[in-house]
Amino acid sequence: MSETTAHGQSPHTQALHAQDHGQQHPIRLYLFVWGLLFVLSAFSYMVDYLGIHGYLRWTLILLFMMLKAGLIVAIFMHMAWERLALVYAILLPPVLVLVFVALMVSEADYTIFTRLAFFGATP
């Protein structure tokens with residue numbers, strides 16, 4: 001009795017399961033992403049080296065940080081090859097947290113301005 005008949009699967013079905021289980025991505029992709037992460041890190045350091053200040057500085061730093069985090073999650077954590085429902089389940093909660101934090105920041109500004117208007121600048 002052969003191994004295929006012992007498990008009750010045809011050779012075609014076993015090949016499909018082996019393909020799904022042992023999916024390999026080309027090393028070139030990982031090296032390219034590693035190089036891209038290096039370039040984005042260099043750009044992030046250049047923002048500090050060039051002495052950029054103010055909102056532009058923080059916008060660039062946050063942009064480079066988000067791009068690097070997105071590349072790491074998409075490629076090295078294999079999120080780019082997952083089902084869309086899993087991607088939404090993992091990425092949607094942090095995005096909603098950021099939206100709620102932004103709403104709280106705007107509410108905090110309103111609250112402090114109201115307190116200053118009614119109670120004055122002294123504590």
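What you see is a predicted model, and the numbers here were worked out from it, not measured in a lab. (Residues numbered from 1 in each chain as written. Predicted model: local features only at pLDDT ≥ 70, side-chain atom pairs only at ≥ 80, totals over all residues. Heavy atoms only, no water.)

Undergrad: Explain the UniProt feature "transmembrane region" (unreviewed entry) in the protein chain here, please?
TA: Taking the UniProt record as the reference, the feature "transmembrane region" (unreviewed entry) is found at residues 27-47, 59-79 and 85-105. The annotated region residues 27-47 carries 100% helix and 0% strand content, and the separation between its end C-alpha atoms amounts to 31 Å. (UniProt positions renumbered as here; feature names shortened; annotations may be inferred. Helix = DSSP H or I, 4+ residues; strand = E, 2+ residues; numbered from the N terminus.)

Undergrad: Hey, could you run me through the pattern of salt bridges in this one?
TA: Pairs may arise between side chains of opposite charge once their charged atoms sit close together. Inspection of the entire model under this criterion finds one salt bridge. One salt bridge connects R57 with D48, and the closest N-O pair in it is separated by 3.3 Å. Since its relative accessible area comes to 18%, R57 is described here as buried. (Salt bridge = Lys/Arg side-chain N within 4 Å of Asp/Glu carboxyl O. Buried < 20%, exposed > 50% of the residue type's maximum accessible area, 1.4 Å probe, protein only.)

Undergrad: Would you take a moment to explain the packing of aromatic side chains for this structure?
TA: The geometry of an aromatic ring pair is captured by two quantities: the separation of the ring centres and the angle between the planes. Evaluation of the coordinates by the stated rule reveals three aromatic pairs. Relative to F38, the ring of W34 lies with its centre 6.3 Å away and its plane at 20 degrees, an arrangement referred to as stacked. On the criterion of helical spacing, the pair formed by W34 and F38 is a turn pair, its members being four residues apart in helix α3 (residues 27-49). Residue class for W34 comes out exposed when judged on its relative accessible area of 56%. Judged by relative accessible area, which is 59%, F38 ranks as exposed. Consider the rings of F43 and F64, whose centres lie 5.8 Å apart with planes at 40 degrees: the pair is tilted. Of this pair, F43 sits in helix α3 while F64 sits in helix α4 (residues 55-76), placing them 21 residues apart in sequence. Of the residues examined, F43 reaches a relative accessible area of 43% and is grouped as partly exposed. One cation-aromatic arrangement involves R57 over W58; the distance from NZ or CZ to the ring centre is 5.4 Å. (Phe/Tyr/Trp six-rings, centres within 6.5 Å; stacked < 30°, edge-to-face > 60°. Lys NZ or Arg CZ within 6 Å of the ring centre and 35° of its normal.)

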